[in-house]
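Examination of the molecular architecture
As a plain string of letters, each chain reads:
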Amino acid sequence: MPVDRTRRFSLPGIHDLNKDQDEALALPVEGQHLIVGGPGTGKSVVALLRARRLAQNDKTYRTLVYNHLLDHSNRHLFGSEQTFSAQTWDSWFRNIYRHFFGSVPTLEPDYPRGYRPIDWEAVEQQVQSLDNIENQSDKFLVIDEGQDMPPAFYKTLRKLAFRNFYVAADQNQQIHPDKCSSRQDIQKALRIKRTGTLELKTNYRNTRPVALLAQHFYPADPASPRPDLPSANAAAAVPELWTYGSANTPTLAQMADRILQLSDRNPRKLIGIIAPDNKVRTKFNDVLLRANPKLDNDKPPIQTFVSGQQELPNFGQGGLMIINAQSCKGLEFDTVILADIDQHQPKCDPYGLKARFYVMVARAREQVMLLRTGNICPVVDGLLPTDPTVLVRK
Amino acid sequence: MTTKIAIPKKPRSRRKPARIWRLVTNHQNMLYMLAAGMVMGPAGFRGKHYSDPLSVYPGWIPLFRDKVRIPAAALHQATSEHKHLLPCIASFDLSDLSGPVRMLSRDGRMRDVASPAARKRKDDIAILVRAPLPTTLLFSINFRSPDDKQSFERTAHDVSNVDLMSRQLEDSGSVFATDTDVGWPAAQPQEQPQEQLLEDGGDTIPAFGQALGGVLVMLYHTANRSDLGLAAFRLVTGAACDKDNDLAQSDPILAELPNWMYGGELSGQADTRARLFWGVAQSLITAQTQERPQTPVDEALEYLDSQLDLMREMEFGPRLERLIADMRGCLGLGGGTITELLERHKGSLSRPLLLFCLRENCTELLEFSHPLLNDAEYILAGILFGVRDSWLKFPKELRDPDLSAYVAYRMADAEHRKQDDNLTLEAPPRPKPLRELFTSHSGEWNRTQKYVAVELASSCNWNDCIQTRITLAEGDYPGSFERNDLQVVLPGRVTTVTEVDKAKFLHRLGQWPLVDPQIEADVRKNLISAQNVEEQENRHS
């Protein structure tokens, strides 16, 4: 009989939620609320619980996220007990805007038949001219990764008479800093008082060793507080740094065998392999598909995803998921393997690289492994912690 | 208005008059205590206690008199830490509790009394009971308004480990009537300093009680998997027969279970494996009492490392060293397959410890099975997982109501024994695992058991264990039948009985997922009422 790989969403225990999270969950149903916190502080958990509660109370609500992958991942976490009303912010906004104005003003695409970005300047002008706006105070918006939406998005919704917002955001995780909203932008647009913003400070998702490694890469923007480390000390599952493909190190094929055996030992766990680019993503996909080590169960499913791909990966089952670094933000895996860390670009921007490593490492709930080829890159190596209690060299 | 009343009650004639005392707290603390199965001091909340009257005399539970206005300051204290906190008043029936408590008067004086039933003086406002108290004594939880009650229910619905099914929730504003003349905390008279009065108090984390609760739950669930599992559960719940004792003695580590449970030393016969196993269990509990504990896996590894240093020269040393290396390896990109690991490490010390690193929590262990694991290894893994998760972390699905009541009692009882404070609680009935309901002294099932087994197998779609027995009338039958059609024509009358294959059925009973709670409740009802009838018949005959 094939092994059951179903991943289950489980609600947190009362002991898992800290006092900050209790407060975030107790915020009134109506009104504008901003929850700020670093990766792993449980922003998405409180946003999902908020959506769950709105669904239970039969409120008209919508959860908005940045991209389809996050939407898909959230659907798995939400569970199947209630219908999850969720969408990407861009498609939801276009629909709602069309309802008011008939069409959405857009800019020219970057390439023929490409994506047409929303023309926010034109949107703002049109919205100013609107009178008799229908009341939207019976609608509730839960926005995850709210820093990724532009300030004009929030301003427009406010003008369109939306009044109930629950926004979870982290300024340290902006996808495109020039197009994203800062904490102040969101507060200003939604008229949230500074005291009305809640900060989640404690790392909720990661084990202490993972959090320690993530903290090493913390980019230090004070707008989102640096998450406090989880309380439990830990040493056993210290993040590992493996070198392969050079003398006296395992080959890539041997690494693939080890990765498959790791998955085989716990078939319900989802292992995210985060690659610096498509080339590395394809390389790992190919070698894992070819590998055939001794396993107790069937070979784990190997999924890959690249931005723009129609078919979305399945977050509901354990196995391996190979994605690019650009797609990983907001996602959560049981284990994360950072493939070929020496291949990350641009090498001339160590601050940017550090921020990327911060986001990638914080995706892991339990364990992180870093893989590098024998071509050691001094820039990337210079970013790695030397303390063996934070990153152990294998 | 009252929502749910499903508390198992004793027959009216046997019920003692209720002795209601009231705890003033907030909804978050209340939820935590319901999850923990005990009312406890702030230390038990591990950093998540919101200031309330429990903070005043740490380690002692202040319970206010029933039908007397509560001090306004106590109610204020319960919600003072955060504006989102909702006040709630939990009513406890202490008629099943006996032993010394302290009576607190409105001028702050305290006096020792023999029991909560002691005669109260006019100015007595509360009693102080040594923590913890089991939530089985909880009679009702009162809220100031229907909105507050609803918020409480919603918050409980957001978490995995609070079950309100058997709780009586009420909204009655009158309970919240306060007295502003009574100070809270009550002023301490100079001649009676609090330190002196509470010198034998002290607020501690009920780590052993919680671990014991976790172990009891795991033994309850693993009891369905094997006769050895059932024997181990009966052993720790005081219902073991000679056969159970003999079975448990068959494994040197399992044989020490009763010694560990009652907090004593291991027996003189305990071998190195038993000492290492129970040493790990004890180190996990000790870690829970520390402010910043290590993760349980780290704690286990650190303990084993320390023992390795002591036995490096012994025969067992190299084996232990290899085990520690593989425990560490399987957390990362080393290790191999589970089969390879289990083949490399045999025995009831090594395999439970490997599983401890391979699976994260009790639910994951209960789902797991492997042909190389024997019953003792699985049960011992369950014990380690129970200690690790402790009762607090168990999800609702694993908290059967009767089991919860029994566990709450055992946890509080264990903590009071440890404190040696002479508080005694009346034990609720011992829960019986399903497998136990399908046993009998003779080894044969009675008619009800046979019938219920078929019903259960059908309800759960365990088709592989259902079979139909056809008994033919006497006569000459051919040795084989030719199947030409869908009919088999037999001479004479036949009787057909649908039954279960006992071995397959018992195997199914212990497998994951658990039997649906409603189906299980029906099965229990049928079997227990039949058992009662049988017992009555036996008494009369």
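Residues numbered from 1 in each chain as written. Chains lettered and ligands numbered in written order. Predicted model: local features only at pLDDT ≥ 70, side-chain atom pairs only at ≥ 80, totals over all residues.

1. Concerning the overall build of chain B
Scanning chain B for helices and strands turns up 20 helices and 16 strands. With respect to the three principal axes, the spread of C-alpha positions in chain B is 100 × 65 × 45 Å. The proportion of buried residues among the 541 residues of chain B is 45%. Long-range pairs, those at least 24 residues apart, make up 73% of the contacts in chain B with a sequence separation of at least 6. (Helix = DSSP H or I, 4+ residues; strand = E, 2+ residues; numbered from the N terminus. Buried ≥ 20, exposed ≤ 12 C-beta atoms within 10 Å, placed from the backbone. Contact = placed C-beta atoms within 7 Å.)

2. Topic: the overall build of chain A
Helices and strands together make up the secondary structure of chain A, namely 12 helices and 13 strands. By the compact-globule yardstick of 21 Å for 394 residues, chain A fits well, its C-alpha radius of gyration being 22 Å. Dimensions of chain A along its principal axes, counting C-alpha atoms only, are 75 × 50 × 45 Å. Going through the 394 residues of chain A one by one, you find that 46% of them count as buried. Sequence-distant contacts in chain A: of pairs separated by 6 or more residues, those separated by 24 or more amount to 78%. (Rg over C-alpha atoms; globule rule 2.2 N^0.38 Å.)

3. With respect to helix 9 (residues 272–288) of chain B
An α-helix turns once every 3.6 residues. As a result, residues three or four positions apart point the same way. Residue and element names in this part refer to chain B. Over its 17 residues, helix 9 extends 24 Å from the first C-alpha to the last, a length consistent with the 24 Å expected when each residue adds 1.5 Å. All of the buried residues in helix 9 are Ala 274, Leu 276, Phe 277, Val 280, Ala 281, Ser 283, Leu 284 and Ala 287. Close packing links the buried residues of helix 9 with helix 8 (257–261), helix 10 (296–311) and helix 15 (375–389). (Expected span 1.5 Å × (residues − 1).)

4. Focus on the environment of B:Leu437
All names here are of chain B. Examined against the element boundaries, Leu 437 turns out to sit in helix 17 (residues 434–437). The class for Leu 437 is buried, based on 20 C-beta atoms found within 10 Å. Discounting residues that sit within four places of it in the chain, Leu 437 has contacts with Lys 432, Arg 524 and Leu 527.

5. Regarding the interface of chain B and chain A
Every contact between the two is made by 35 residues of chain B and, on the other side, 36 residues of chain A. No other element matches helix 1 (residues 27–36) of chain B, which puts 4 residues into the side of chain B that touches chain A. Classifying every residue of the side of chain B that touches chain A gives 15 nonpolar, 12 polar and 8 charged. (Nonpolar A, V, L, I, M, F, W, Y, C, P; charged D, E, K, R; others polar.)

6. A word on the nonpolar core
B:Ile61, B:Phe92, B:Leu128 and B:Ala232 are the most contacted members of the largest nonpolar core, which totals 142 residues. Residues in contact with B:Phe92, not counting those within four places in the same chain, are B:Ile20, B:Trp21, B:Leu23, B:Leu63, B:Leu133, B:Leu137, B:Leu138 and B:Phe139. Of all hydrophobic cores here, the second largest spans 95 residues; its members include A:Phe84, A:Ala275, A:Leu331 and A:Met360. (Core = buried A, V, L, I, M, F, W, Y, C linked by C-beta atoms within 7 Å.)

7. Here we look at the environment of B:Leu284
Residues and elements named next belong to chain B. Among the secondary structure elements, Leu 284 is positioned in helix 9. When the C-alpha atoms of Leu 284 and Val 387 are compared, they prove to be 7.1 Å apart, with 103 residues separating the residues in sequence. Every residue in contact with Leu 284, bar those within four places of it in the chain, is listed here: Pro 296, Glu 299, Ala 300, Val 387 and Arg 388.

8. A look at helix 10 (residues 278–290) of chain A
Residues and elements named next belong to chain A. When the terminal C-alpha atoms of helix 10 are compared, their 18 Å separation across 13 residues agrees well with the 18 Å that a helix rising 1.5 Å per residue should span. Within the span of helix 10, buried status applies to Val 280, Arg 281, Phe 284 and Leu 288. Seen from one end, helix 10 has its buried residues packed into an arc of 105 degrees, which puts them on one side. In this structure, helix 10 carries Asn 278, Lys 279, Leu 289 and Arg 290 as exposed residues pointing more than 90 degrees from its buried face. (Arc of directions from axis to C-beta.)

9. Section: the sheet that holds strand 11 (residues 333–338) of chain A
All names here are of chain A. Pairing within the open sheet is parallel, and its 7 strands lie in the order 9-10-8-11-12-7-13. Each of the sheet's edge strands pairs with one partner strand only, and the pair in question is strand 9 (302–305) and strand 13 (392–393). Here strand 8 (residues 270–275) pairs with strand 11 via 4 bridges, running parallel. Each residue of the ladder has a partner; that of Gly 272, found in strand 11, is Val 336. (Pairing = 2+ DSSP bridges.)

10. Notes on the sheet that holds strand 12 (residues 169–171) of chain B
Residue and element names in this part refer to chain B. Overall, mixed pairing links the 8 strands, which are arranged 8-7-9-3-1-5-11-12 in an open sheet. Both outer strands of the open sheet, strand 8 (110–113) and strand 12, are each paired with one neighbouring strand and no more. Strand-to-strand twist across the sheet, computed as the mean angle between neighbouring axes with direction ignored, equals 35 degrees. Relative to strand 8, strand 7 (residues 101–105) runs antiparallel, the two sharing 4 bridges. Note on strand 8: the bridge partner recorded for Val 101 is Val 113. Its contacts with the sheet put helix 1 on strand 1 (20–26), strand 5 (87–93) and strand 11 (138–143), and the angle it makes with strand 1 is roughly 115 degrees. Across the face of the sheet, helix 3 (residues 146–157) comes into contact with strand 5, strand 11 and strand 12 while running at roughly 150 degrees to strand 12. (Axes fitted to C-alpha atoms, helices over the stretch in contact; angles between N-to-C directions.)

11. A word on unusual backbone geometry
Residues apart from glycine generally show negative phi values, whereas peptide bonds are mostly found in trans. Residue B:Pro132 follows B:Ala131 across a cis peptide bond; omega there is 0 degrees. Relative to the helices and strands, B:Pro132 resides in the loop between strand 9 (124–130) and strand 10 (133–134). Residue B:Pro185 follows B:Trp184 across a cis peptide bond; omega there is -5 degrees. Within the secondary structure layout, B:Pro185 lies in the loop between strand 13 (178–179) and helix 4 (194–197). The backbone phi angle of A:Arg113 is positive, close to 60 degrees, even though this residue is not glycine. By the secondary structure assignment, A:Arg113 is in the loop between helix 4 (89–101) and helix 5 (120–128).

12. Structural notes on the pairing of strand 1 of chain B
Residues and elements named next belong to chain B. Most of strand 1 is tucked away, with 6 of its 7 residues classed as buried. Bridging between strand 1 and strand 5 involves 7 bridges; their strand directions are antiparallel. From the neighbouring strand, Trp 21 faces strand 5, where its bridge partner is Phe 92. When strand 1 meets strand 3 (residues 60–65), the two strands line up antiparallel, connected through 2 bridges. Across the sheet, residue Trp 21 finds its bridge partner in strand 3, namely Arg 65.

13. Concerning the pairing of strand 5 of chain B
It is a general feature of regular strands that their side chains alternate between the two faces of the sheet. All names here are of chain B. With respect to burial, strand 5 is a largely interior element, 7 of its 7 residues being buried. Neither face of strand 5 is left uncovered, since the one carrying Pro 87, Ile 89, Ser 91 and Asp 93 and the one carrying Cys 88, Ala 90 and Phe 92 both have all their residues buried. In the sheet, strand 5 pairs with strand 11 via 5 bridges, with the strands oriented antiparallel. What sits directly across from Ile 89, in strand 11, is Asn 142.

14. A closer look at the environment of B:Gln288
All names here are of chain B. Mapping Gln 288 onto the fold places it in helix 9. Judged by local crowding, Gln 288 falls into the partly exposed class, with 19 C-beta atoms found within 10 Å. Those residues in contact with Gln 288 that lie beyond four places of it in its chain are Ile 205, Ala 207 and Pro 293.

15. Notes on the packing of helix 9 of chain B against helix 15 of chain B
Residue and element names in this part refer to chain B. In contact at an axis separation of 9 Å, helix 9 and helix 15 are set at 15 degrees when each is read in the N-to-C sense. Here helix 9 lies roughly parallel to helix 15, going by the angle between them. At the point where helix 9 passes helix 15, the crossing takes the right-handed sense. The residues of helix 15 that touch helix 9, namely those facing Phe 277, Val 280, Ala 281, Leu 284 and Ile 285, are Leu 380, Ile 383, Leu 384, Val 387 and Arg 388. Considered class by class, the residues forming the contact of helix 9 with helix 15 number 9 nonpolar, no polar and 1 charged. (Parallel < 35°, antiparallel > 145°, perpendicular 65-115°, else oblique. Left-handed = near helix turned anticlockwise from the far one by under 90°.)

16. Overview of the confidence of the model for chain B
All names here are of chain B. Mean pLDDT over chain B works out to 90, with 92% of the residues at or above the 70 mark. Across residues 1–13, confidence stays below pLDDT 50; counting only partners more than four residues off in sequence or on other chains, it has 17 contacts. The complex prediction reports pTM at 0.92, with the ipTM value standing at 0.90. (pLDDT = per-residue confidence, 0-100.)

17. Remarks on the packing of helix 10 of chain B against helix 11 (residues 316–329) of chain B
Residue and element names in this part refer to chain B. Running from amino to carboxyl end, helix 10 crosses helix 11 at an angle of 155 degrees, the nearest separation of the two axes being 9 Å. The orientation of helix 10 relative to helix 11 falls into the category roughly antiparallel. As helix 10 runs across helix 11, the sense of the crossing is left-handed. On helix 11, the residues touching Leu 301, Leu 304, Asp 305, Leu 308 and Met 311 of helix 10 are Phe 316, Gly 317, Leu 320, Glu 321, Ile 324, Met 327 and Arg 328. Residue classes in the contact of helix 10 with helix 11 are distributed as 8 nonpolar, 1 polar and 3 charged.

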